Amino acid sequence: GAGVSQSPRYKVAKRGQDVALRCDPISGHVSLFWYQQALGQGPEFLTYFQNEAQLDKSGLPSDRFFAERPEGSVSTLKIQRTQQEDSAVYLCASSLERNQPQHFGDGTRLSIL
Amino acid sequence: AQSVTQLDSHVSVSEGTPVLLRCNYSSSYSPSLFWYVQHPNKGLQLLLKYTSAATLVKGINGFEAEFKKSETSFHLTKPSAHMSDAAEYFCVVSARGGSNYKLTFGKGTLLTVNP
């Protein structure tokens, strides 16, 4: 497709379960970003990849959050032992290079019961 | 650290009337500023970007914003609102230098357009 694709669009999990969220960036985009958007708030930066290298993970809220991009294209954000405060929309964005405009996917809405 | 403050959480206008969404920024350097729009259950779309080339920036769908250093403001305007403009709008500032990929979002302004 032409845009950033995220799956699933909606995910419901019980507290304590592990979840995995997928992001397919725009083809050829070197840079990939993950953001967390809590209800009624603006997105907050989580992590940044350049190709397969994770160059910045300063925004990850705890060691339960893990992101990877092993082949420099698709990325997965994994959350282990989910907690209620993890409920949010997780947005993925990609760009040609790190200082170019970021193109966002529609997000994954995660609800932890 | 850089930050942005969106002065209104909700703005309501009538179709065909002007739109003004206010944003103030705080930065110790000359910032790059953006406006993004988010329609319900959709991702963010870039409306326009300021990077010091010109203080008046024109974006998509008839929106524009003016960078005013003396007022540390970057307000978004549109002369005539359309029903399709109803959405959440975010003012955004990027970090400096090597971390300029890192975007800091305001809390958003919900724009309602009444028929």
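It should be emphasised that the depicted structure is a prediction, and the values quoted were computed from it without experimental measurement. For every chain, the first residue of the written sequence is number 1, and numbering continues from 1 along that sequence. Labels are handed out in written order, letters beginning with A for the chains and numbers beginning with 1 for the ligands. Local features are withheld for residues below a pLDDT of 70 in this predicted model, meaning they are given only at 70 or higher, and side-chain atom pairs are given and counted only at 80 or more; totals for whole chains, interfaces and linings count all residues. With hydrogens and water excluded, all non-hydrogen atoms of the structure serve as input to the side-chain values.

Caption draft 1: Geometry of the interface of chain A and chain B. Between chain A and chain B, the residue contacts involve 22 residues of the former and 17 residues of the latter. Accessible surface is computed with a 1.4 Å probe, and the buried area is the amount of it that two parts give up when combined, taken over both parts together. Between chain A and chain B lies a buried interface of about 1600 Å² when both sides are counted; carbon and sulfur atoms form 50% of it. It is A:P43, A:R98 and A:F104 that lose the most area in chain A upon contact with chain B, and together they represent 27% of the buried surface on that side. We define a salt bridge as a side-chain nitrogen of Lys or Arg found within 4 Å of a carboxyl oxygen belonging to Asp or Glu. Along the contact surface separating chain A from chain B lie two salt bridges. Across the pair B:K102 and A:D56 runs a salt bridge, and its minimum N-O distance is 3.2 Å. By the criterion applied in these results, polar contacts are pairs of N or O atoms within 3.5 Å in which, for protein atoms, one can donate a hydrogen and the other can accept it, and in which residues neighboring in sequence qualify only through two side-chain atoms. The interface formed by chain A and chain B holds eight residue pairs in polar contact (both at pLDDT 80 or more) in total. Listed by contribution, the elements that provide at least two residues to the side of chain A that touches chain B are β4 (31-37) and β5 (44-50) of chain A. Runs of H or I in DSSP of at least four residues are treated as helices and runs of E of at least two as strands, each being numbered from the N terminus. Top element by residues in the side of chain A that touches chain B is β4(A). It accounts for three residues. What makes two residues a contact is simply this: any of their non-hydrogen atoms within 4.5 Å.

Caption draft 2: Main features of the sheet that holds strand β1 (residues 5-7) of chain A. Residue and element names in this part refer to chain A. Across the sheet, four strands lie side by side as β1-β3-β8-β7; this open sheet has antiparallel pairing. The open sheet has two edge strands, β1 and β7 (65-68), and neither has a second partner. Adjacent strand axes in the sheet meet at a mean angle of 15°, parallel and antiparallel pairs treated alike. The pairing of β1 with strand β3 (residues 19-24) spans three bridges and is antiparallel. Residue S7 lies in a different strand from β3, and its bridge partner there is R22. Strands are treated as partners if at least two bridges between them are detected by DSSP. An axis is simply a line fitted to the C-alpha atoms; with a helix, the fit covers only the stretch in contact. Between two such axes, the angle follows the N-to-C directions and lies from 0 to 180 degrees.

Caption draft 3: Molecular detail of the pattern of salt bridges. Residues and elements named next belong to chain A. Taken as a whole, this structure holds eight salt bridges over all chains when the rule is applied. Between D24 and R22 there is a salt bridge whose closest N-O contact spans 2.7 Å. Here E68 and K78 are joined by a salt bridge, their closest N and O atoms 3.3 Å apart. Here E68 is found in strand β7, whereas its partner K78 is found in strand β8 (residues 75-79), with ten residues between them in sequence. Working definition: with a 1.4 Å probe on protein chains only, accessible area under 20% of the residue-type maximum means buried, over 50% means exposed, and in between means partly exposed. Given the relative accessible area of 26%, E68 is considered partly exposed.

Caption draft 4: Main features of the packing of aromatic side chains. Between 30 and 60 degrees the pair is tilted, below 30 it is stacked and above 60 it is edge-to-face, where a pair is any two Phe, Tyr or Trp rings, Trp via its six-membered ring, whose centres lie within 6.5 Å. For the structure shown, the criterion picks out 17 aromatic pairs over all chains. Between A:Y35 and A:F45, the aromatic rings sit 6.1 Å apart at their centres with planes inclined by 80°, giving edge-to-face as the arrangement. On the criterion of sequence distance, the pair formed by A:Y35 in strand β4 and A:F45 in strand β5 is long-range, its members being ten residues apart. Assigned by exposure class, A:Y35 and A:F45 land together as buried. Centroid distance A:Y35 to A:F104: 5.4 Å. Interplanar angle 45°. Geometry classified as tilted. Of this pair, A:Y35 sits in strand β4 while A:F104 sits in strand β10 (residues 103-104), and the two are 69 residues apart along the sequence. Overall, the relative accessible area of 9% leaves A:F104 in the buried class. An aromatic cluster of three or more residues is present, and its members are A:F33, A:Y35, A:F45, A:Y48, A:F104, B:F34, B:Y36, B:F90, B:Y101 and B:F105.

That is the geometry; function is a separate question.
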